[in-house]
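Summary of the model geometry
Single-letter residue listing:
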Amino acid sequence: MDESIYREQIIDLYEHPLNRGHLETADWSYEEDNPLCGDVIRIDVKLDENQRVADVAWSGEGCAISQAAASLLTEEIKGKTLEEVRSFDKDELLELIGVKLSMARVKCALLSLKVLKAGAYGMPDPEEMRKFDNPQ
Amino acid sequence: MDESIYREQIIDLYEHPLNRGHLETADWSYEEDNPLCGDVIRIDVKLDENQRVADVAWSGEGCAISQAAASLLTEEIKGKTLEEVRSFDKDELLELIGVKLSMARVKCALLSLKVLKAGAYGMPDPEEMRKFDNPQ
Amino acid sequence: MLDVNKIRADFPILQDEAYPGVPLVYLDSAASSQKPLPVIEAMNHYYRHTNANVHRGIHRLSEEATNAYEGARERIARFINAADAAEVIYVRNATEAFNLVAYSWGRANLQPGDEMLITAMEHHANIVPWQILAEQTGAVLRHLPFLPDGRLDLAQLPQLLTEKTRLFSFTAVSNVFGTVNPVKQLIEAAHQVGALAMVDAAQAVPHMPVDVQAWNCDFLAFSGHKMCGPTGIGILYGKRHILEAMPPFMGGGDMIRRVTLEGSTWADLPHKFEAGTPAIAAGIGLGAAVDYLTHLGMENVHAYEQYITNYALEALSEVDNLQILGPSAAQRGGVAAFTIQGLHPHDIAELLDKDGIAIRAGHHCAMPLHQLSGINSTARASFYIHTTTEEVDKLVISLNRAKKIFRL
Amino acid sequence: MLDVNKIRADFPILQDEAYPGVPLVYLDSAASSQKPLPVIEAMNHYYRHTNANVHRGIHRLSEEATNAYEGARERIARFINAADAAEVIYVRNATEAFNLVAYSWGRANLQPGDEMLITAMEHHANIVPWQILAEQTGAVLRHLPFLPDGRLDLAQLPQLLTEKTRLFSFTAVSNVFGTVNPVKQLIEAAHQVGALAMVDAAQAVPHMPVDVQAWNCDFLAFSGHKMCGPTGIGILYGKRHILEAMPPFMGGGDMIRRVTLEGSTWADLPHKFEAGTPAIAAGIGLGAAVDYLTHLGMENVHAYEQYITNYALEALSEVDNLQILGPSAAQRGGVAAFTIQGLHPHDIAELLDKDGIAIRAGHHCAMPLHQLSGINSTARASFYIHTTTEEVDKLVISLNRAKKIFRL
Ligand SMILES: Cc1ncc(COP(=O)(O)O)c(C=O)c1O
Ligand SMILES: Cc1ncc(COP(=O)(O)O)c(C=O)c1O
């Protein structure tokens, strides 16, 4: 992994985010914040007839890490089935981000995944959600 | 002052206390304990027509220091006026005891004086009583 | 068996003299234990090299402090075999653990007429919070008596532990009698009537292996300072689902999820119960204490204490007119509370101190126990991993000298 | 003026590097201050040479520990000019002080419809306890708003502080805006309507002379760890007659006068509010911190902080698109919270950390203040007696580097 967490790609994504916005007709939308810093992420997802992610958009405010993570995550799950989304692992996302994060920043990175999963499960499953509050 | 707190006189008084017992007809009686150790002292006082201590007796349980102090104190106040009893100072009693006491043991030594004063004031005067709980 | 001389070398204070030429014989570990060097150094190192506020900081020191503090929690959780570090709440001392349960669980759950059960041998920490709670909720506080030898009167349990009982809180080991109570049996009895069980493990966790899952207790309390750790830190263990259902105790920073001027929501466990900047150094110190004891092995600690306690009980039984409280050696922890006819505990403690021997005199925060035993106070010697047979011998010699001074 | 280089030599951590070759620039004292050697050594010495439980022991160590611990209380009392050491209650932190007042005074005194007043710039420690109290008693919690420049909107005080108000609790110095509030005036206003006044002095006692008798506050709260002292200790000051009339908060050992299984009576102040074995070492450490600050002179500490804060505010104002929250330098303590357009506080803190500079990013436990200011979070640099102008210069350079990395 990169030593500096602000590698070019992170800054690029912060400046030019992917899938940023809202979906007019989403199958589900979910919004959640990181109370430690007040950052908020909302994710809208639209499934196709095979229960695969047809389209996804995110919105919200946050630091470069949480914003880049949201871009990378939404890009990654396009075309995945609902089941695949539900079982998408936090380590996969951290690998996509590809920089070494401190514990405090891991929470920033995982905010979008937390929001995505809460939406995918239809509600926050406490056991599942807890993993994001106490990563590793 | 003596270095060892258990000089002969203290042990003597512990074995052979002075003024130990009860008065049949006391003008006042008061009893109090040291909650730190559960030791109790009761003092009965009889005044003469001039408001002087005609007779005094003490009873109760305690360590050698508190018991010796009770003997010395009661012996000392015989013949004193009510006013003199009220103004009898804790340092005077500590001098009578004549050994160097640690803070914890000063409380033992002063228990009988606390009881005597509470009786002499007709009730525990909080300001006056506090001095015994936080000696020096 | 433990190598007591090697252990003694770990404790700086044991290298000191009590008075010039008089070595220190510390027989007061039940009140507060001494600290081995690794514990002192862990805190020293923290303040010298990694001090910062925890949880909220994005800088190296804060990250390191958080890792050290939360890492300690994880090791403490393993030490008592908690299922999850989130079940381990940092408090100031065992006392606060009882108060936390009384204020949070108690007020949310007790109705007038509900009952709580304690025993008559409890420390004030496991009496007074329930008395205050009883007064404020209308619940009734009952107590299970003890037998003359200091064991619980289990025959009376069925009358006292009933469908009305909501909580049974009792000590695992008495700090006066030394009695080791049948913890598992008592917890099962509580659960059978639907009551929660809380264990006062202040005198257990420092001295024997404790496994909260094997005991199946709902709450458990202990203090760091009695187990080679610092003052100012203790633990409330609670089962996760019970803690989660409880309202917070103190409010402030760190225990919230979100605050608005209209209202607030709470953080997840364990933080929900930890308001404000915690005792970070003390938590790290307790982690180091747990490491120290783990390294010795709690089975070994227990075995050594049984050995030295046996030795002490026999040695003390040779002193004329000395009466030891509590049950036989087989059922007790490393404390020996006693009285000597004609010699007040204060005078015993004072005379022993002149020989460098530190014991405690008084009611040891167990006034009801003393009152029911018909005595005002006792002298108490307590033993730990660094106590030697020579020290016990000195205790006996010093007691005999004290008696002589008092012409007994 | 203070000799900052001499002072820096007193702090072991300031001799460390943040990363190899990168000196530590600690600008996070408002979250928790670093500790000078005399404070660290006071605790070290305690654990190595005089550790024992306090108050109850008749042996040399216990006597020495008691003297050290109670002696610290007396020096702390003098430091804030309390009339009597019994008015100084040891708590874990400022947060616990608010909770103690809320649980003890609040529940005994508040009726449905009674009001409490805080301000909109409070730390969560001075919000959440009153919210919980309001919910449990039916009292109403109101707040005094602040102006855009971070000063209190005193024009609204008369509507909000009324005959219904039982308590007005406010911060002396905001931990975000840095605002120094008109403490004396606010206390007088509270007393005029018959309300008690509680001062959050967590950001005041470390930084300026505080005289509780001159202020005439009824309660005052602060934490040891923000004033060169250890974690795990704080102070609740209260006027004697008010504390005496209050019921106890936590129950247990040391806070009782007598315990029977039927009921208990309470110890005198300050012990009535200090249940269980206290944070002895931390109390002693706070005593050493007070000695350290007294030796520097709080007037000097204050003057130096004003100097360095002025310097910092000017230096920061040179950074483009950087916005500082709070009032002008004349009315503020040594904190500078700011935002930079296009750069999130997390990213600022992270990038500064790589240059060895420790600042804080977030809501600093003051969510309502941020919400009302229309921002989620800020970056906060805070200054103390060891902060140099060179360190402030490094902060500015590092901020500009951060902006460059983000192509701003
Ligand atoms: C103004 C203010 N009040 C209260 C507190 C709470 O202090 P503690 O966390 O030590 O209880 C703080 C510290 O963050 C503060 O800055
Ligand atoms: C059995 C027992 N319970 C509780 C306590 C209270 O411990 P602390 O004073 O550390 O809260 C003690 C210590 O004296 C104890 O021996």
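Residues numbered from 1 in each chain as written. Chains lettered and ligands numbered in written order. Predicted model: local features only at pLDDT ≥ 70, side-chain atom pairs only at ≥ 80, totals over all residues. Heavy atoms only, no water.

1. Digging into the side chain of Asp153(C)
Residue and element names in this part refer to chain C. The criterion, for reference: Going along the chain from the N terminus, every DSSP run of H or I of four or more residues is numbered as a helix, and every run of E of two or more is numbered as a strand. For the exposure calls, accessible area comes from a 1.4 Å probe over protein chains only, and a residue counts as buried if that area is under 20% of its type's maximum, exposed if over 50%, partly exposed in between. The positive count covers Lys and Arg only, the negative count covers Asp and Glu only, and His and the chain ends enter neither. The term salt bridge refers to a side-chain nitrogen of Lys or Arg lying within 4 Å of a carboxyl oxygen of Asp or Glu. Between N or O atoms, a polar contact is any pair within 3.5 Å; within protein, one atom must be a potential hydrogen donor and the other a potential acceptor, and residues adjacent in sequence are included only when both atoms are from side chains. Here, two residues are considered to be in contact whenever any of their heavy atoms come within 4.5 Å of each other.
You can see Asp153 is positioned in the loop between β6 (140–144) and α6 (157–160). For Asp153, which is buried and forms no salt bridge, the nearest opposite charge comes from Arg151, at a distance of 8.7 Å. Of note is the side chain of Asp153, whose polar atom sits 2.8 Å from the side chain of Gln156. Beyond its immediate sequence surroundings of up to four residues, Asp153 is in contact with Leu144, Pro145, Phe146 and Leu147.

2. Looking at the sheet that holds strand β10 (residues 234–238) of chain D
Residue and element names in this part refer to chain D. In plain terms, the rule: Two strands qualify as a pair provided DSSP detects at least 2 bridges between them. Axis definition: a line fitted to C-alpha atoms, limited for helices to the stretch in contact. Angles are taken between N-to-C directions and run from 0 to 180 degrees.
Strand order across the open sheet formed by seven strands is β4-β10-β9-β8-β7-β5-β6, with mixed pairing between neighbours. The open sheet has two free edges, formed respectively by β4 (88–91) and β6 (140–144), since each of these has just one partner strand. Averaged over all adjacent pairs, the angle separating strand axes in this sheet is 20 degrees, with direction ignored. Bridge count between strand β5 (residues 115–119) and β6: five bridges; the pairing is parallel.

3. A closer look at the interface of chain D and chain A
Interface size, as often reported, equals the accessible area lost upon joining of the parts. Applied cut-off: Once two parts are joined, some of their accessible surface, as seen by a 1.4 Å probe, is lost; buried area is that loss totalled over both. Each residue receives one of three labels: charged for Asp, Glu, Lys and Arg, nonpolar for Ala, Val, Leu, Ile, Met, Phe, Trp, Tyr, Cys and Pro, and polar for the others, Gly being one of them.
In this assembly, 14 residues from chain D lie in contact with 20 residues from chain A. Each partner contributes to the roughly 1400 Å² buried at the junction of chain D and chain A, and carbon and sulfur atoms together form 49% of this total. Linking chain D with chain A are five salt bridges. Measuring nitrogen to oxygen at the nearest pair gives 2.7 Å for the salt bridge that ties Asp12(A) to Arg407(D). At the junction of chain D with chain A, the criterion picks out nine residue pairs in polar contact (both at pLDDT 80 or more). Sort the elements by how many residues they give to the side of chain D that touches chain A and helix α12 (residues 345–354) of chain D lands first, with four residues. Of the residues contributing to the side of chain D that touches chain A, the split by class is four nonpolar, seven polar and three charged.

4. Comments concerning the domain arrangement of chain C
All names here are of chain C. Which entries qualify depends on this criterion: The split of the chain into domains comes from an automatic or database domain assignment.
Along its sequence, chain C is organised into domain 1 (4–30 + 297–405) and domain 2 (40–295). The straight-line distance from the C-alpha centre of domain 1 to that of domain 2 is 28 Å. With 34 residues of domain 1 at the contact, the number on the domain 2 side is 32 residues. Counting each side, the surface lost to burial between domain 1 and domain 2 is near 2600 Å², with a carbon and sulfur contribution of 62%. Linking domain 1 with domain 2 are zero salt bridges. The tally of links from domain 1 across to domain 2 stands at 15 residue pairs in polar contact (both at pLDDT 80 or more). Of all elements in the fold, only α11 (298–317), β14 (335–340), α13 (367–373) and β17 (378–382) reach the threshold of two or more residues within the side of domain 1 that touches domain 2. Examining the composition of the side of domain 1 that touches domain 2, we find that six residues originate from one element, α13, more than from any other. Classifying every residue of the side of domain 1 that touches domain 2 gives 19 nonpolar, ten polar and five charged.

5. Focus on the side chain of Glu115(D)
Residue and element names in this part refer to chain D. Along the chain, Glu115 falls in strand β5. When its relative accessible area of 6% is taken as the criterion, Glu115 is described as buried. Here the side chain of Glu115 touches Arg142 through a polar contact of 3.0 Å, side chain to side chain. When neighbours within four sequence positions are excluded, Glu115 is seen to be in contact with Val140, Arg142, Leu160, Thr162, Lys164, Thr165, Arg166 and Leu167.

6. Brief notes about the sheet that holds strand β16 (residues 360–362) of chain C
All names here are of chain C. The strand order across the open sheet formed by four strands is β13-β14-β17-β16, and the pairing between neighbours is antiparallel. Edge positions in the sheet fall to β13 (322–324) and β16, since each has one partner strand and no second. For this sheet, the mean angle separating the axes of adjacent strands, direction not counted, is 30 degrees. Pairing analysis gives three bridges linking β16 to β17, with the strands arranged antiparallel. Bridging across to β17, Gly362 finds its partner in Thr378.

7. Some details on the site of ligand 2
Residues and elements named next belong to chain C. Short version of the rule: Proximity is defined per residue: any heavy atom of the residue falling within 4 Å of a molecule or strand makes that residue near it. Residue exposure ignores everything except the shown protein chains as possible cover, and the areas themselves are Shrake-Rupley values with a 1.4 Å probe.
Taken together, the neighbourhood of ligand 2 is formed by 15 residues, with Thr95, Asp200, Ser223, His225 and Lys226 sitting nearest. At 3.0 Å from an oxygen atom of ligand 2 is found a side-chain nitrogen or oxygen belonging to His123. A distance of 2.6 Å is found between an oxygen atom of ligand 2 and a side-chain nitrogen or oxygen belonging to Gln203. Here ligand 2 has 400 Å² of accessible area as a free molecule, and 96% of this is covered by the chains. Of the residues assigned to the shell around ligand 2, the class counts are three nonpolar, ten polar and two charged.

8. Some details on the packing of aromatic side chains
For any pair of aromatic rings, the description consists of the separation of the ring centres together with the inter-plane angle of the planes. Where we set the bar: Stacked, edge-to-face and tilted labels apply to pairs of Phe, Tyr and Trp rings (six-membered ring for Trp) whose centres lie within 6.5 Å, assigned for plane angles under 30 degrees, over 60, and everything in between, in that order.
Applying the stated criterion across every chain yields a total of 24 aromatic pairs over all chains. Residues Tyr14(B) and Phe406(C) carry aromatic rings whose centres are separated by 5.4 Å and whose planes lie at 85 degrees to one another, so their mutual orientation is edge-to-face. Of the two residues, Tyr14(B) is situated in helix α1 (residues 8–15) and Phe406(C) in the segment after α14 (389–405); the pairing between them involves two chains. Summarising the aromatic geometry, the rings of Phe11(D) and Tyr292(D) are spaced 6.1 Å apart at their centres and angled 85 degrees between planes, so their arrangement reads as edge-to-face.

9. Details of the interface of chain D and chain C
Listed per partner, the contact involves 94 residues of chain D and 94 residues of chain C. Across the chain D to chain C interface the summed buried area is about 7300 Å²; carbon plus sulfur atoms make up 58%. Its salt-bridge partner being Arg92(D), residue Glu96(C) comes within 2.8 Å of it at the nearest N-O pair. Counting across the interface, chain D meets chain C through 42 residue pairs in polar contact (both at pLDDT 80 or more). If one sorts the elements of the side of chain D that touches chain C by residue count, helix α2 (residues 37–50) of chain D sits on top with nine residues.

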